[in-house]
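Coordinate analysis (summary)
Residue strings, one per chain:
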Amino acid sequence: NLCFVCVKLLLSYLFVGVAPEMVVTCDVDTVHRLSCDDIGVISVQAALYGRADSETCSEGRPPSELANTLCSQDGTADVLKRRCDGKRVCEVSVNVFGTPDPCVGTFKYLQTNYTCLPAIHHVTCQHSLAHLHCDEGQVISVYGATYGRYDQTTCTYRRPASEIQNIDCSQPASIVSDSCNGKNSCIIKVDSSMFEDPCVGTYKYLEVAYICELVTVYLHPTHVQKLLS
């Protein structure tokens, strides 16, 4: 029998023209917003909550609050990645990073560096079926998937207010990548029976970002000779 080895090749366009973005939020009571709109999904590269220089967010602040430029809270990038990777738009309250305080007496800011990666963005409401599909000769590669609720506008049709109030509700949905990676098409039932329920009583949705990778078939040289003879 012929031996076929399928090798996933990332579509070359994914890494062409990917420009870095940076967002800085000074006010602790302000929402930190990352956005890729219709050009792809967010991929957080680095994040800082603290102070790395004396100029950023310095207006109206006394020198004593700007002197410590080696101030950073551990785990900031991990929090942003969990909340934002794979989404087109992500809003995070800056005040969630204030505890514990990494440097008491220093005026801090939140800075995030990210890129927008081209990807297929798919949202499916609870109690529905998510259909992931690629063209012939391509297979699914899930970039990120989460189950929960992040705003009060998605999947809200005819839902009571009590079911859409909790927007700090999320759970990684690894079952999507486990079930769909390497397949040309895939159907996932979006229900709390399939995913761990991160917030009972809240109407949730599945958000998936994925790409379609080429599948290349390789033949052993001896098999090529047989085919040509």
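Described in the following lines is the structure provided in the data block. Within any chain, residue numbers begin from 1 and follow the written order of that chain's sequence. Two thresholds apply to this predicted model, a pLDDT of at least 70 for residue-level local features and 80 or more for giving and counting side-chain atom pairs, whereas whole-chain, interface and lining totals are computed over all residues. Each side-chain value is worked out from all heavy atoms of the structure, with water and hydrogens disregarded.

Before going further, it helps to examine the overall build of the protein chain. Within the protein chain one finds 3 helices and 13 strands. Three labels apply to residues, based on accessible area from a 1.4 Å probe with only protein chains included: buried if under 20% of the type maximum, exposed if over 50%, partly exposed otherwise in between. Sorting the 229 residues of the protein chain into buried and exposed places 37% on the buried side. By the criteria applied, helices consist of DSSP H or I runs no shorter than four residues and strands consist of E runs no shorter than two, each listed in order from the N terminus.

What follows concerns the environment of Ala 145. Relative to the assigned elements, Ala 145 resides in strand S10 (residues 138-149). Between the alpha carbons of Ala 145 and Ser 174 there is a distance of 6.8 Å; along the sequence they are 29 residues apart. With sequence-adjacent residues up to four places away left out, Ala 145 is seen in contact with Gln 171, Pro 172, Ala 173, Val 176, Glu 207 and Val 208. Two residues qualify as a contact provided that any one of their heavy atoms is within 4.5 Å of a heavy atom in the partner residue.

Counting residues in hydrophobic clusters, the biggest one holds 18 residues, and the most contacted among them are Leu 132, Val 142, Val 176 and Leu 206. Residue assignment for this core shows that the elements contributing at least two residues are strand S9 (128-133), S10, helix H2 (174-180), strand S12 (185-190) and strand S13 (205-218). With residues up to four places along the chain from it excluded, the contact list for Val 176 reads Leu 132, Val 142, Ala 145, Asn 181, Phe 195, Leu 206 and Val 208. The nonpolar core is taken to be a set of buried Ala, Val, Leu, Ile, Met, Phe, Trp, Tyr and Cys residues, with the residues joined through side-chain atoms within 4.5 Å. Within the second largest apolar cluster, 15 residues are counted, among which are Val 23, Ile 42, Tyr 49 and Phe 97.

Between Lys or Arg on one side and Asp or Glu on the other, a salt bridge is scored when a side-chain nitrogen of the former is within 4 Å of a carboxyl oxygen of the latter. The full count for this structure, using the stated rule, is 6 salt bridges. The partner of Glu 91 in a salt bridge is Arg 33, and the shortest N-O contact between them spans 3.1 Å. Highlighted residues: Glu 91 in strand S6 (residues 89-93) and Arg 33 in strand S3 (residues 31-35), separated in sequence by 58 residues. Under the relative-accessibility criterion, Glu 91 is labelled exposed at 52%. Residue Asp 197 pairs with Lys 204 through a salt bridge whose shortest N-O separation is 3.1 Å. What makes Asp 197 partly exposed here is its relative accessible area of 28%.

With that out of the way, let us pick up the packing of aromatic side chains. Only Phe, Tyr and Trp rings take part, Trp by its six-membered ring, and two of them pair if their centres are within 6.5 Å. Stacked means planes under 30 degrees apart, edge-to-face means over 60, and tilted covers everything else. Summed over all chains, the structure comprises 3 aromatic pairs. With centroids separated by 4.8 Å and ring planes inclined at 25°, the aromatic side chains of Tyr 147 and Phe 195 adopt a geometry described as stacked. Taken together, the positions of Tyr 147 in strand S10 and Phe 195 in the loop between S12 and S13 put the pair 48 residues apart, joining distant regions of the chain. In this structure, Tyr 147 and Phe 195 share a single accessibility class: buried. An angle of 70° between the planes, with centres 6.0 Å apart, marks the rings of Tyr 150 and Tyr 205 as edge-to-face. Within this pair, whereas Tyr 150 is found in the loop between S10 and strand S11 (169-172), its partner Tyr 205 is found in strand S13, the two being separated by 55 residues in sequence.

What follows covers unusual backbone geometry. Residue Pro 100 is reached from Thr 99 by a cis peptide bond, and omega for that bond is -5°. Take Pro 100: it is sitting in the loop between S6 and strand S7 (109-117). In this structure, Cys 57 takes a positive phi of about 50° despite not being glycine. Inspection of the secondary structure puts Cys 57 in the loop between strand S4 (41-51) and strand S5 (71-72). The class for Cys 57 is buried, based on a relative accessible area of 14%. Phi is positive for Cys 155, close to 50°, though the residue is something other than glycine. Structurally, Cys 155 is set in the loop between S10 and S11. A relative accessible area of 12% means that Cys 155 is categorised as buried.

Coordinates in, geometry out; function isn't part of it.
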